[in-house]
Amino acid sequence: MNEEKHVPTIDELIELPRPGDAQIAPDGARVAYVVRTPDWEKNEYTSQIWLVETAPAQARPRQLTFARPLNDGVQSSTSPRWSPGGQWLAFLSKREGDEHVQIYRMSPFGGAGGRTARGTGITQLGGLHRQDGGTPRVADLFGLSARCSGSGRQRDRRTSRDS
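All residue numbers refer to position in the chain's written sequence, counted from 1. With the structure being a predicted model, the display of local features is reserved for residues of pLDDT at least 70 and the display and counting of side-chain atom pairs for 80 or more, all residues being used for whole-chain, interface and lining totals. Heavy atoms throughout the structure, all of them, feed into the side-chain values; hydrogens and water do not.

## Let's talk about the environment of A32
For step 1, the next point in the chain: For the purposes of this entry, the term helix denotes a DSSP run of H or I that reaches at least four residues, the term strand denotes a run of E that reaches at least two, and both are numbered from the N terminus. The topology assignment puts A32 in strand 2 (residues 30-39).
For step 2, the next point in the chain: Each residue gets one of three labels from its accessible area relative to the maximum for its type: buried under 20%, exposed over 50%, partly exposed in between, using a 1.4 Å probe on protein chains only. Note on A32: relative accessible area 0%, which makes it buried.
For step 3, the next point in the chain: Along the primary structure A32 and W50 are separated by 18 residues, whereas in three dimensions their C-alpha atoms are 5.7 Å apart.
For step 4, the next point in the chain: Contact between two residues is taken to exist if any of their heavy atoms lie within 4.5 Å; hydrogens are not considered. Setting aside its immediate chain neighbours within four residues, A32 contacts D21, A22, Q23, W50, L51, P80, W82 and L89.

## A few points about the packing of aromatic side chains
For step 1, the next point in the chain: Side-chain rings of Phe, Tyr and Trp (the six-membered ring for Trp) are treated as a pair once their centres are within 6.5 Å; stacked means planes under 30 degrees apart, edge-to-face means over 60, and tilted covers the remaining angles. Under the criterion given, the structure shown has one aromatic pair.
For step 2, the next point in the chain: For the ring pair F91 and Y104, a centre distance of 6.0 Å and an interplane angle of 20° mean the geometry is stacked. Of this pair, F91 sits in strand 8 (residues 89-93) while Y104 sits in strand 9 (residues 102-106); the two residues are 13 residues apart in sequence, bridging distant segments of the chain.
For step 3, the next point in the chain: Residue classification places F91 among the buried positions, given a relative accessible area of 0%.
For step 4, the next point in the chain: On the basis of relative accessibility, which here comes to 5%, the residue Y104 falls in the buried class.
For step 5, the next point in the chain: Across from the ring centre of Y45, 3.6 Å away, lies the NZ or CZ of R36, which sits over that ring.
For step 6, the next point in the chain: Ring-over charges, as used throughout, are those where CZ of Arg or NZ of Lys falls within 6 Å of the ring centre and within 35 degrees of the ring normal. The ring of W88 has R105 sitting right over it, with the charged end atom 3.7 Å from the ring centre.

Honestly, it's all geometry; don't read function into it.
Structure representation (structure tokens):
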């Protein structure tokens, strides 16, 4: 029983889906996370958001966002962040018609994500916290900060209430 062990090639290692940026829902019932995979044709990585229930009997991962080809690459979705009540997920994505990465939100229970704020050079979402019980808009609902880049530097900028 001398089985030969397989040493993975670099391509096999690159091909492995890479989970990361896990975010636990406020009630602890779910975890949203990003899975990064290579797109060999476009020679880049794509990232999509997945969700899994934390209860062992319901722990079946399901994909929440899906890649679509864009003129300048592949649509990716990153940086999931929960609303305080867990009824919404904010995330970053560049979709058809977007010149830059934008802030989107969606229900973790299903449905399409909608853009909630418009910006240029948004690279990451900061901590989310709700300041009131108002209408679900990213600028108001989450009170989030977005990390923006420009001219080779990064700065934190609060999203405006008018976004």
